[in-house]
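Structural characterization, general
Each chain is listed here by its residues.
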Amino acid sequence: IVLPDLKILIESNKKANIILNQCENENIKLILMEDNYFPKRLLRLDDCPLLLFVKGNYRLLNPLYSVAIIGTREPSNNGYILGKKISKFFIVTVLT
């Protein structure tokens, strides 16, 4: 086993603490894959993330039914409008 240089470990620890402090300040919870609230469906993936950053009610991560709307970080104007319409449709007609 090759261990990283001590300088790299110290720098990585500083960066991790900065991230943890930011999460705490913004009420973001870290959910590890071993936690009860970690989404069971994600555990089935070959490349399952080791942790999730969750803002909001983390107890809702394992619903009986769920809907996902997946898009791009930089949608076109039409894509943005359509995404809003689809989201509203699911909220109003399906989830209520």
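Being a predicted model, the structure only gives us computed values, none of them experimental. Counting restarts for each chain, with residues numbered from 1 along the sequence as it is written. Note on the predicted model: pLDDT of at least 70 is required for a residue's local features to be given, and 80 or more for side-chain atom pairs to be given and counted; whole-chain, interface and lining totals, by contrast, use all residues. Hydrogens and waters are ignored; side-chain quantities use all the structure's heavy atoms.

Concerning helix α1 (residues 6-25)
Which entries qualify depends on this criterion: Think of it this way: any DSSP run of H or I at least four residues long counts as a helix, any run of E at least two long counts as a strand, and we number them from the N terminus. To estimate how far a helix should extend, the number of its residues minus one is multiplied by 1.5 Å.
Over its 20 residues, α1 extends 29 Å from the first C-alpha to the last, a length consistent with the 28 Å expected when each residue adds 1.5 Å. Of the residues flanking the end of α1, it is N27, one or two places downstream, whose phi is positive at about 55°.

Things to note about unusual backbone geometry
Where we set the bar: Between buried and exposed lies partly exposed: a residue is buried under 20% and exposed over 50% of the maximum accessible area for its type, with that area taken using a 1.4 Å probe on protein chains only.
The phi angle at N27 is positive, at roughly 55°, despite the residue not being glycine. Along the chain, the position of N27 falls in the loop between α1 and β1 (28-32). Residue N27 is classed as exposed on the basis of its relative accessible area, which comes to 64%.

Some details on the state of the cysteines
The condition is simple: Cysteine sulfur atoms are paired as a disulfide whenever they come within 2.5 Å of each other.
Following the criterion strictly, the structure yields zero disulfides and no others. Residue C23 stays outside any disulfide, its sulfur separated by 18 Å from that of C48, the closest cysteine.

A few points about a nonpolar patch on the surface
Under the convention used in this document: Note on patches: the residues involved have over 30% relative accessible area and no salt bridge, like charges join within 9 Å, and the nonpolar side chains Val, Leu, Ile, Met, Phe, Trp and Tyr join within 5 Å. Computed by Shrake-Rupley with a 1.4 Å probe, the accessible areas treat only the displayed protein chains as cover when residues are assessed. Any carboxyl oxygen of Asp or Glu within 4 Å of a side-chain nitrogen of Lys or Arg constitutes a salt bridge here.
On the surface, I19, L32, L50, L51 and F53 cluster together into a nonpolar patch covering about 460 Å² of accessible area. Examined against the element boundaries, L51 turns out to sit in strand β2 (residues 51-55).

Quick look at the nonpolar core
For the record, the criterion: We define the nonpolar core as a collection of buried residues of types Ala, Val, Leu, Ile, Met, Phe, Trp, Tyr and Cys that are connected through side-chain atoms lying within 4.5 Å of one another. Contacts: residue pairs with any heavy atoms within 4.5 Å of one another.
With six residues, the main nonpolar core is built from I31, F38, C48, L52, V54 and Y58. Here F38 is in contact with I31, L32, M33, L43, C48, P49, L50, L51, L52 and N62, once residues within four sequence places are set aside.

Brief notes about the environment of E26
One can find E26 in the loop between α1 and β1. Judged by its relative accessible area of 43%, E26 is partly exposed. As for E26 and G83, which are separated by 57 residues in sequence, their C-alpha atoms are 26 Å apart.

Considering the pairing of β2
For a regular strand, side chains alternate in direction, first toward one face of the sheet and then toward the other. Applied cut-off: Should DSSP find at least two bridges between two strands, the strands are regarded as paired.
Side chains of β2 alternate between two faces, with L52 and V54 buried and L51, F53 and K55 left unburied. Here β1 pairs with β2 via five bridges, running antiparallel. For I31, the partnering residue across the bridge sits in β2 and is L52.

With respect to the packing of aromatic side chains
How two aromatic rings sit relative to each other is set out by the distance from centre to centre and by the angle between their planes. Rules: Centre distance within 6.5 Å is the pairing criterion for rings of Phe, Tyr and Trp, where only the six-membered ring of Trp is used; planes under 30 degrees apart are then read as stacked, over 60 as edge-to-face, and the remainder as tilted.
Applying the stated criterion across every chain, the model contains two aromatic pairs. Note on Y37 and Y58: the rings are 4.8 Å apart at their centroids and 80° apart in plane angle, and the pair reads as edge-to-face. You can see Y37 sitting in the loop between β1 and α2 (40-43) and its partner Y58 sitting in the loop between β2 and α3 (77-94), a full 21 residues away along the chain. Residue Y37 is classed as partly exposed on the basis of its relative accessible area of 32%. Judged by its relative accessible area of 17%, Y58 falls in the buried class. Measuring from centroid to centroid gives 5.5 Å for F89 and F90, while their planes differ by 75°, and the two rings are edge-to-face. Taking relative accessible area as the criterion, F90 reaches 24% and is therefore assigned partly exposed.

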